[in-house]
Structures are given as structure tokens and as C-alpha cells.
Amino acid sequence: MNRTRLYPLALALALVAPAAQSEGHGPLFGLATPTLGAGQWSSDTGFMRMASGHGGDWRARQMIGYGIHEDLQATLTLPLDQRDGRRVANARGGAMMGKPGAVEGSLLWRFHREAPRIGVRRESSLLVGAADGDTFGPDARNAGPALHLAAVTGYASRTTYWWLGGGGQWHRAEGGNRRGDLTYATAVFGWRPPIFRGDYPKPDWRLFLEAVAEHAERDRRDGMADADSGGYRLLAGPSVLGLFGAWGVSAGVLFPVEERLNGSQPGTDYRAKLVFTYWF
Amino acid sequence: MKTTLYAVLLIAAMSGSTSVHAEGLVHARQVIFGMDCAPCAYGMEKGLKALPGVRSVTVSLNDGYAEVHLAPDSATTLADIREVVRRGGFTPKNATITLQGRLRLSPRSSLSTASGDFALNLGALSESSAALQGRRVQVSGSVAADAAELIVERIEPVASP
């Protein structure tokens, strides 16, 4: 896929969205439940580095979100750029933004929502997505189309947040090649420091502690399992989210807590991410 | 002389036909459950400001409400405000509102406005309101979360234009 052509498309999508309202935002790496209000648009531009003992890769992705209904949101995520991706780990670059080279469309359905009092919300969501265009292996083989399913439940308030979720991504085989199945679980705890509990329109900052556990099956290349692929990772780390009216910025990093990787794969040094968000 | 008189009468007639008086919702303080963050409030503020006739909107996250002041003869109703809250993904609860319109006491108490009739529960004010039958009044009170009836706490006559 020629990513150069995707820059103007992503920019155009971000610019032509009609005036609408905005909704809350959540963690960087883990699954979350908030959906856009009906008729609302959002734009997320994310930059991520996955560093390992062999160097690592950079990736940039653009996500456009639209609220079909206050409990149903559609998103389209496009790759903007990727560097040194020959040995990219089989992992989603943040549960909501997909794998590095893929174009991904998703629906997020908030099927459960309770608002028991002022400033408090409990909710649960299901996510279904389809992706294509990703590559894998040192020779950048076509990973084929993939199905992504996930579920998440959580709590949001003026003081604390938490979300627990999990999902999986399954690729279709393409001529003897198949990206290994990926299953994952995420946990997020968030805290709004007292100094940032001032009322709107004062700036709103939150701190998160995020954890991601991933298991990937071995890739298959020319019908043979790739010994240097797949394995298990548990990563955790902090992130921070700042919100100013229609703008948001979030940054965070995950470090490995435990890794059991197949073959001679390098261990993870860290995953770092920076995202800029705008609600139209 | 006659030309001047005609001009004065014409100006007087035009002034009468274009005078604006408030009839409908003039103020609402809608309690909202579920708003936790700045973009929630920002979106609510934008959505409410987009309603016809809205002059100002104040949103509070910590106290959980949106306060709306409306221009005279605004077509916006409390139902419109609550729909904006729902479409934002939040839950509208009780509201405190102020309405202006003509008081009707039979067959049941209601306020007749440009946007339609609004059911009133006058309670202890029923007796003192009898003298205001058919007159333009301003009523203030509360409306429960899933109700459309205004529990009146205050009623006073409004001078006609």
C-alpha cells in the first residue's frame, strides 16, 4: 500500500468533518468505553515507537471517529508512516488504533450505560473491526485481512477511572502465509488529581496506569511456522491525558514486566506513544 | 397635518405588530448525570448553544448541570434541551425552569405558549392563581426527570406589551 497517498486522505477526512460536539477520552494503550455523541466527529493523530533489542520501529496513524448514535461509534484508522518495520511485534499499537500498516474500520457499541449520580458513569462496550494492509516478517509479507473483536467494561467519575477489557485479532491465510492470532487483555486505572478537579472550562488532566497482556501465535510463512515469532508479553506503565475544550493531548510509555518470546526475538525495551485529539 | 398623522399611525401600527414579548421557555437549569470530563462539558455547551434562541449556556461538571438562558419567543423547549443531553450520551434528571405564557385553569391548569401548552401543577398556589386566569404570567418551578408537568413554585403576572 502506498502510504504517501494516505496523508492527503487522512488530512481531508480530518478537515471536512462538520461542526458537531465532543465526548470524553480515555487511555492510550488499553481498551476504553467512551463513545462520541450522536453526530459528533473526532480526529486522533498518534505517533508510536516500539523499541526492542534490535532497534525498533516508528509508526504514525490517523483515526477518525463518528458518533452514529450516542452509544454507537464508527472509527476509521489509517497508517500515515512507518519506519524500520521489518520485525514489528505482532501487537496492536494501542487497543483502539490497530496494527502498524493496516487500514482498519471499527464499530464501538456501548450496550450498557448507567449514570447513578452527578459526574459518574458505568458502562460496557463491544468492539468489532476489520483490517487489511498490514505486513509482517523481514520480507514484509501480506498479513491479509483480519477480524478484530473486543469487549470492555469500565467506570468514569470526576476522581477516578478504571477499565478492564480484552480482545483478539485473527488474520486470514494468504497463500501459505498467515499472521499469528493475537489475543490480549488490558487494564487501566486513572486518577484526576485534586488540583485538576476545578470546574469547566478549566483544563482537565488525568494520570493513568495501564497494563497490557498479549499472546501471539506463531506466524506462518510459506506454510511453515516461523520459529522467531509469537509469544507472550505483559507490559505496564504510566500515561497522562490533558484536555482543553476541543483539544486533547496524551502521552505514555509501557515497559515489559514479563516476556516469553519464541525463538531469537529481541525483548521489548519500551512502547511509547503520543496522541493529539481534536473534537469537531 | 394629515400626512403626519398617517405617518404616526403607521409607525404605531408597525411597532405594535413587530413588538417581541417572551412567551415560552426563558430559563432552564437542567441537572445532568454522567458528565465526567472537559470534552463532555464542551460538547454539551456547543450542542445547547446551537438550539434556536439560546442566549447563553453555562455547564458545570462538579455540580452536574447545564444552565440555559433563552431569548424572548424562543422556539426551544425543555424537551429539546433534554434531547441534546441524551444525544450527548448523558442522562437528564430534574430541571428547574421559568416559562412565560397565558395561564389556563380549565379544564386543567396549563400555560399556553407559542411552542404549545405546558401542564402545570399549581398545588398550594391554585387558589391565589385564580385571579390570573387568562393573563400573561411567568411561572417558575421544577420538572421531574421523566415528566412534562411543571410543579409550580412561583407565579406572577407579566405586563402585556
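Here is what the cut-offs are and how they apply
Residues numbered from 1 in each chain as written. Chains lettered and ligands numbered in written order. Predicted model: local features only at pLDDT ≥ 70, side-chain atom pairs only at ≥ 80, totals over all residues. Heavy atoms only, no water. Helix = DSSP H or I, 4+ residues; strand = E, 2+ residues; numbered from the N terminus. Buried < 20%, exposed > 50% of the residue type's maximum accessible area, 1.4 Å probe, protein only. Contact = heavy atoms within 4.5 Å. Areas by Shrake-Rupley, 256 points an atom, 1.4 Å probe, with all protein chains shown as cover. Salt bridge = Lys/Arg side-chain N within 4 Å of Asp/Glu carboxyl O. Buried area = accessible area lost by both parts, 1.4 Å probe. Polar contact = N/O pair within 3.5 Å; in protein donor to acceptor, adjacent residues only side chain to side chain. Nonpolar A, V, L, I, M, F, W, Y, C, P; charged D, E, K, R; others polar.

### Section: the overall build of chain B
So, point 1. Within chain B, the secondary structure is distributed over four helices and eight strands.
So, point 2. Its helices and strands in sequence order give chain B the pattern α-β-α-β-β-α-β-β-β-α-β-β, from N to C terminus.
So, point 3. The 161 residues of chain B split such that 46% are buried.
So, point 4. A separation threshold of at least 6 residues defines the contact pool for chain B, and within that pool the share at least 24 residues apart is 63%.
So, point 5. Put simply, chain B shows about 7800 Å² of open surface, and 54% of that area lies on carbon and sulfur atoms.

### Comments concerning the pattern of salt bridges
So, point 1. With the rule as written, the count across this model stands at 23 salt bridges over all chains.
So, point 2. Between Arg-121 of chain A and Glu-123 of chain A there is a salt bridge, with the nearest N and O atoms lying 2.8 Å from each other.
So, point 3. The exposure class of Arg-121 of chain A is buried, given its relative accessible area of 2%.
So, point 4. Under the relative-accessibility criterion, Glu-123 of chain A is labelled buried at 2%.
So, point 5. Within this structure, Asp-71, Arg-110, Arg-113, Arg-121 and Glu-123 of chain A together with Asp-36 of chain B form a network of salt bridges that share partners.

### Points about the interface of chain A and chain B
So, point 1. Contacts between chain A and chain B engage 35 residues on the former and 28 residues on the latter.
So, point 2. Buried area between chain A and chain B, summed over both chains or domains, comes out near 2400 Å², and the portion from carbon and sulfur atoms is 50%.
So, point 3. At the boundary of chain A and chain B, one finds one salt bridge.
So, point 4. Linking Asp-36 of chain B and Arg-121 of chain A is a salt bridge whose minimum nitrogen-to-oxygen distance equals 2.6 Å.
So, point 5. Between the two partners, chain A and chain B, sit 14 residue pairs in polar contact (both at pLDDT 80 or more).
So, point 6. Going through the elements one at a time, strand S4 (103-114) and strand S11 (204-216) of chain A are the ones with two or more residues in the side of chain A that touches chain B.
So, point 7. Class assignment of the residues belonging to the side of chain A that touches chain B gives a composition of 13 nonpolar, 10 polar and 12 charged.

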